[in-house]
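Observations on chain architecture
Read off the chains here:
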Amino acid sequence: MKIGTPKEVFEGEARVAMTPDSALQLQKLGHECVLESGAGLAAGFPDAAYEAAGVEIVKTGAALFKGSDVVAKVRPPNDTEVKRLQDGQTLISFFYPAANEELMQKAAEKGTTVIAMDMVPRISRAQKMDALSSMANIAGYRAVIEAGNNFGRFFTGQVTAAGKVPPAKVLVVGAGVAGLAAIGTATSLGAITYAFDVRPEVAEQIESMGAEFVFLDFEENQQDGAATGGYAAPSSPEFREKQLEKFRELAPEVDIVITTALIPNRDAPVLWTADMVEMMKPGSVIVDLAAERGGNCELTKPEEKIVTDNGVTIVGYTDFPSRMAAQSSSLYATNIRHMMTDLTPEKDGVVDHNMEDDVIRGATVTHEKAVTFPPPPPKVQAIAAQPKKEAPKELTPEEKRAKELEEFKAQTKSQVTLLAVGGALILLAGLYAPASFMQHFIVFVLAVFVGFQVIWGVAHSLHTPLMAITNGISSIIIVGALMQVGSGGFLVVLLAALSVFMAGINIFGGFAVTRRMLAMFQKS
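A brief report on the enclosed structure follows. Note that the coordinates shown come from a computational prediction; the quantities given were computed from them, not determined experimentally.

What to know about the overall build of the protein
When you go through the protein residue by residue, the secondary structure sums to 17 helices and 17 strands. The buried share among the 524 residues of the protein stands at 40%. Residue pairs at least 24 apart in sequence account for 63% of intrachain contacts in the protein once pairs closer than 6 positions are excluded. Roughly 29,000 Å² of accessible area belongs to the protein as shown, and the carbon and sulfur atoms make up 59% of that amount.

Now the structure itself:
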């Protein structure tokens, strides 16, 4: 089948749904690729690059729609593009069906199968097709870059001959994909980063990235997001008031605020009010990633950047992914390619639209002249977060001492028992073994005991490199084995040879493992 990608008609859209690399992969599935001339130019992909990848170039969008079995694009189709759709054709794009019911109905009447990339279920198997996450990741990164461009000062703290420069303080509201990308970028630039989310289970993710999670002293048990497809659920009015109170406390301290809070098919909740903006220092920056749905900041103006009377810059751009068109196009084209891989299971260029497949069914909004939105819940639900562990009970000093004493007694008892058993076994062996054997045997037992005590006390994270070195050093036993190779007994010679072989593996293997471990921490 022919997969065609038209030039995006939405004003300012620079992304493209097919790249030369993705076209090569689609051809391996048995498909032919078609592109409208100039479709990839804004993203840095000239027609010549597509032609070198075996893509057919057509001059107009009308010709592309007419000659393609599958049309892949970024933005939802406009009225002109909907008129070009054909019976039996498949359209793959962002579609937002809940907000475009009329558009969806027109596509169904045309007999076009529409696969909405924004409706891909958030289950593990579908992550490679999750275009929303791909674009949110870029938006979160770009938000920090835009903030830095408007902030005018360093992110990281510095001490110079000209004086001390404090680090910037960044607050990220919402720790979804975009929020985590923003946290990672701000932290890597050296900023002191705070993050808030209504889902308490993301606290560990935030802290693992070097940011500080902003906790609320509130007893409401927020939803973990598993039942809502990985998204945060609406909060209660009481929780919202507590949340706003916390933000008012932070507003005078932070230099940059990046808001990412969105709930599917709803207007963006207002989380950063006008009075909070007034509390911020002159030169502070707010980047509102929810501007397209009204904005999380009360003063946000979609598509615009404004400066308030007190000198706070509010960035309300709605095209952050498009501002990094080359990267966005590469990721989105890969998402499309993975979707086509599922639609072409035999790799024979024939689309098999299996409505029993969770991913395909979830993303399909029209099929066989019928509207199939909303889809049924997927058979495989989103992975729920582990239940939050209760904090351990705080012990009094007397209870701590009693607990330590009990642990010491138990440890001492086990050690005495082991020593008693070991001593009895050595005594039993001494009754029958010659004196020369017992001398070596006692030294061997003591060496094992000391080695065990030394290695067992090492921190777990250091075990691999330490064990590799100690294995190499302890292989000095190879010297003893070599001394026994010349012995007259066949069994002794065999055992000595085996000892040399195994000790050699221990030496080379131990140092090889250590070398690889150390290489992980070396800069290339």
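Description of the sheet that holds strand S13 (residues 285-288)
On the basis of which strands lie adjacent, the open sheet formed by seven strands has the order S11-S10-S9-S12-S13-S15-S14 and mixed pairing. Two strands in the sheet have a free side with no partner beyond their single neighbour: strand S11 (212-213) and strand S14 (305-307). In the sheet, S13 pairs with strand S15 (residues 313-315) via three bridges, with the strands oriented parallel. Directly across from Ile286, in S15, lies its bridge partner Ile314.

Some remarks on the nonpolar core
Residues Ile92, Tyr332, Met339 and Met340 are the most contacted members of the largest nonpolar core, which totals 40 residues. Broken down by secondary-structure element, the contributors of at least two residues to this core are helix H1 (20-28), strand S2 (32-36), strand S4 (70-72), helix H6 (131-151), helix H11 (325-343) and helix H12 (358-363). Sort the elements by how many residues they give to this core and H11 lands first, with six residues. Look past the residues within four positions of Met340 in its chain and what remains in contact with it is Ile3, Leu26, Leu29, His31, Val70, Ile92 and Val351.

Considerations on the pattern of salt bridges
Applying the stated criterion to the full structure yields 19 salt bridges. In this structure, Asp79 and Lys106 form a salt bridge, with 3.8 Å as the shortest nitrogen-oxygen distance. Note that Asp79 is positioned in helix H4 (residues 79-84) and Lys106 in helix H5 (residues 101-110), a separation of 27 residues in sequence. Overall, the relative accessible area of 47% leaves Asp79 in the partly exposed class. A relative accessible area of 31% places Lys106 in the partly exposed class. Among the ionic pairs, Asp357 bridges to Arg125, the shortest N-O distance being 3.0 Å.

So, the sheet that holds strand S6 (residues 113-116)
Strand order in the open sheet made by the eight strands is S3-S2-S1-S4-S5-S6-S16-S17, with mixed pairing throughout. Of all the strands in the sheet, just strand S3 (56-58) and strand S17 (370-371) have a single pairing partner and so form its edges. With three bridges connecting them, S4 and strand S5 (residues 90-93) associate as parallel partners. By the bridge assignment for S5, Val70 is matched with Thr90.

Considerations on a nonpolar patch on the surface
Together, Phe490, Leu491, Leu494, Leu495, Leu498, Phe501, Met502 and Ile505 make up a nonpolar patch on the protein surface, roughly 880 Å² of accessible area in all. Relative to the elements of secondary structure, Phe501 occurs in helix H17 (residues 490-519). On the accessibility criterion, Phe501 (55% relative accessible area) is exposed.

Focus: H17
Count 3.6 residues to each turn of an α-helix, and residues three or four apart come out pointing the same way. End to end, H17 covers 44 Å across 30 residues, agreeing with the expected 44 Å (1.5 Å per residue, within 8%). Listed as buried for H17 are Ala496, Ala503, Gly504, Gly510 and Thr514.

A look at helix H7 (residues 177-188)
Under the 1.5 Å per step criterion, the end-to-end length of H7 is 17 Å for twelve residues, consistent within 8% with the ideal 16 Å. Of the surrounding elements, those touching the buried residues of H7 are H6, strand S9 (169-173), strand S10 (192-196), helix H8 (203-208) and strand S12 (256-259). After H7 finishes, the residue Gly190 shows a positive phi value of roughly 100 degrees.

Notes on the environment of Val351
You can see Val351 is positioned in the loop between H11 and H12. Along the chain, Val351 and Met1 lie 350 residues apart, while their C-alpha atoms are 7.7 Å from each other. Contact partners of Val351, with chain neighbours within four places excluded, come to Met1, His31, Val70, Met340 and Leu343.

Considerations on unusual backbone geometry
Looking along the chain, the bond that leaves Phe373 and enters Pro374 is cis, with omega of 0 degrees. Mapped onto the elements of the fold, Pro374 is located in the loop between S17 and helix H13 (397-432). Even without being a glycine, Tyr96 presents a positive backbone phi close to 50 degrees. Within the fold, Tyr96 resides in the loop between S5 and H5. Judged by its relative accessible area of 38%, Tyr96 falls in the partly exposed class. For Glu303, which is not glycine, the phi torsion reads 75 degrees and is therefore positive.

A word on the side chain of Gln243
In this fold, Gln243 is placed in helix H9 (residues 237-250). Residue classification places Gln243 among the buried residues on the basis of a relative accessible area of 4%. Apart from residues lying up to four places away in sequence, Gln243 is in contact with Phe196, Val198, Leu216 and Leu271.

What counts, and where the lines are drawn
- Residues numbered from 1 in each chain as written.
- Predicted model: local features only at pLDDT ≥ 70, side-chain atom pairs only at ≥ 80, totals over all residues.
- Heavy atoms only, no water.
- Helix = DSSP H or I, 4+ residues; strand = E, 2+ residues; numbered from the N terminus.
- Buried < 20%, exposed > 50% of the residue type's maximum accessible area, 1.4 Å probe, protein only.
- Contact = heavy atoms within 4.5 Å.
- Areas by Shrake-Rupley, 256 points an atom, 1.4 Å probe, with all protein chains shown as cover.
- Pairing = 2+ DSSP bridges.
- Core = buried A, V, L, I, M, F, W, Y, C linked by side-chain atoms within 4.5 Å.
- Salt bridge = Lys/Arg side-chain N within 4 Å of Asp/Glu carboxyl O.
- Patch = residues over 30% accessible without salt bridge, like charges linked within 9 Å, V, L, I, M, F, W, Y side chains within 5 Å.
- Expected span 1.5 Å × (residues − 1).

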